[in-house]
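# Fold and contact review
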Amino acid sequence: NAGVTQTPKFRVLKTGQSMTLLCAQDMNHEYMYWYRQDPGMGLRLIHYSVGEGTTAKGEVPDGYNVSRLKKQNFLLGLESAAPSQTSVYFCAGRTSGSYEQYFGPGTRLTVT
Amino acid sequence: DAKTTQPNSMESNEEEPVHLPCNHSTISGTDYIHWYRQLPSQGPEYVIHGLTSNVNNRMASLAIAEDRKSSTLILHRATLRDAAVYYCILAGSGSRLTFGEGTQLTVNP
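Here's what I pulled together on the structure shown here. Everything quoted here is computed from the prediction, not taken from an experiment.

### Remarks on the sheet that holds strand 3 (residues 31–38) of chain B
Residue and element names in this part refer to chain B. Spatial strand order, 1-9-8-3-4: five strands in an open sheet with mixed pairing. Across the chains shown, the open sheet's two edge strands, defined by having one partner strand only, are strand 1 (9–13) and strand 4 (45–50). Along the sheet, successive strands turn relative to each other by an average axial angle of 25°, direction set aside. Where strand 3 lies against strand 4, five bridges are found, and the strand directions are antiparallel.

Written out as structure tokens, the structure is:
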């Protein structure tokens, strides 16, 4: 099993460009999450999903959109990137009834 | 969500036990205590969680105070691989996790 994977691993964007980060899991997670982590800080929740076709806002949702069209995939979109969105992005998943979140390896995004 | 307080950093020697403290004086009756750790350049990794009773698993032990206002993560024999940031998080059943800044553990050879 691949677990939780993220694509791409690194990306550099110019201000105003758009991109989509892909999170894929083969662990049958109902719940999926997108976090961002800035240097020296803990993770902050951007958006999450409690099942296929559902999404909800987290702590810092502005500037991001998400979609969960298939249970195994959770996409994070940046429509118009800003330097403040330079960060490391982590995806995580969890099965219903379990307390354990499984995290992906992260995507390092730089916006210039 | 109730807040937790952890020391910014701690040091240990290899093969010695490590006790990582966490204060959570405003914990509610339904809050679980979760511990995650983050190794350098990796995503966080689940360590252990508990509600009221002490818990043990293959990675660590969790000791919870009787009044639940504090807890301690115990690594029984630290290895160099245990050097990481350790996060103590309170969350209700099924609730989202809120990460603080955690404790940076350094393990000396």
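From this point, things continue past the structure.
### A short note on the layout of surface pockets
Roughly 490 Å³ of volume is contained in the largest pocket. In terms of lining, the largest pocket is formed by 26 residues, of which the most central are Gln-37 and Arg-108 of chain A together with Gln-38, Ser-41 and Gln-42 of chain B. Residue assignment for the lining of the largest pocket shows that the elements contributing at least two residues are strand 9 (87–94) and strand 11 (107–111) of chain A together with strand 8 (84–92) of chain B. Taken together, the residues of the lining of the largest pocket break down into twelve nonpolar, ten polar and four charged. What the second largest pocket holds in volume is close to 370 Å³. What lines the second largest pocket is a set of 20 residues, and nearest its centre among them are Lys-3, Thr-4, Phe-99, Gly-100 and Glu-101 of chain B. Only strand 5 (43–49) of chain A together with strand 8 of chain B provide two or more residues apiece to the lining of the second largest pocket. For the lining of the second largest pocket, the element with the most residues is strand 8 of chain B, which contributes three residues.

### Considering the interface of chain A and chain B
The interface is formed by 19 residues belonging to chain A together with 18 residues belonging to chain B. Of the roughly 1500 Å² buried between chain A and chain B, counting both surfaces, carbon and sulfur atoms make up 56%. Summed over the three residues of chain A that lose the most area to chain B, namely Leu-43, Tyr-99 and Phe-103 of chain A, the buried surface amounts to 40% of that side. In this structure, the connection of chain A to chain B is made through zero salt bridges. Across the contact surface, chain A and chain B share four residue pairs in polar contact (both at pLDDT 80 or more). Broken down by secondary-structure element, the contributors of at least two residues to the side of chain A that touches chain B are strand 4 (31–37), strand 5 and strand 9 of chain A. Here the residues of the side of chain A that touches chain B sort into ten nonpolar, six polar and three charged.

### As for the sheet that holds strand 1 (residues 4–7) of chain A
Residue and element names in this part refer to chain A. Spatial strand order, 1-3-8-7: four strands in an open sheet with antiparallel pairing. Every interior strand has two partners, whereas the edge strands, strand 1 and strand 7 (65–67), have only one. Averaged over all pairs of adjacent strands, the angle between strand axes in this sheet comes to 20°, irrespective of strand direction. Alignment of strand 1 against strand 3 (residues 19–25), held across four bridges, turns out to be antiparallel. Paired with Val-4 across the two strands is Gln-25, which belongs to strand 3.

### Quick notes on the pattern of salt bridges
Side chains that carry opposite charge are capable of pairing whenever their charged atoms lie near each other. All names here are of chain A. For the structure shown, the criterion picks out six salt bridges over all chains. Residue Asp-38 pairs with Arg-44 through a salt bridge whose shortest N-O separation is 2.6 Å. A residue is classified by how much of its surface remains accessible, and Asp-38, at 13% relative accessible area, is buried. Relative accessible area serves as the criterion here: at 24%, Arg-44 is assigned to the partly exposed category.

What counts and how
- Residues numbered from 1 in each chain as written.
- Chains lettered and ligands numbered in written order.
- Predicted model: local features only at pLDDT ≥ 70, side-chain atom pairs only at ≥ 80, totals over all residues.
- Heavy atoms only, no water.
- Pairing = 2+ DSSP bridges.
- Helix = DSSP H or I, 4+ residues; strand = E, 2+ residues; numbered from the N terminus.
- Axes fitted to C-alpha atoms, helices over the stretch in contact; angles between N-to-C directions.
- 1 Å grid on protein atoms, 1.4 Å probe; cavity = no way out; pocket = protein on both sides within 12 Å on 5 of 7 lines; lining within 4 Å.
- Points joined across faces, edges and corners; volume = space filled by probe spheres on them.
- Nonpolar A, V, L, I, M, F, W, Y, C, P; charged D, E, K, R; others polar.
- Contact = heavy atoms within 4.5 Å.
- Buried area = accessible area lost by both parts, 1.4 Å probe.
- Salt bridge = Lys/Arg side-chain N within 4 Å of Asp/Glu carboxyl O.
- Polar contact = N/O pair within 3.5 Å; in protein donor to acceptor, adjacent residues only side chain to side chain.
- Buried < 20%, exposed > 50% of the residue type's maximum accessible area, 1.4 Å probe, protein only.

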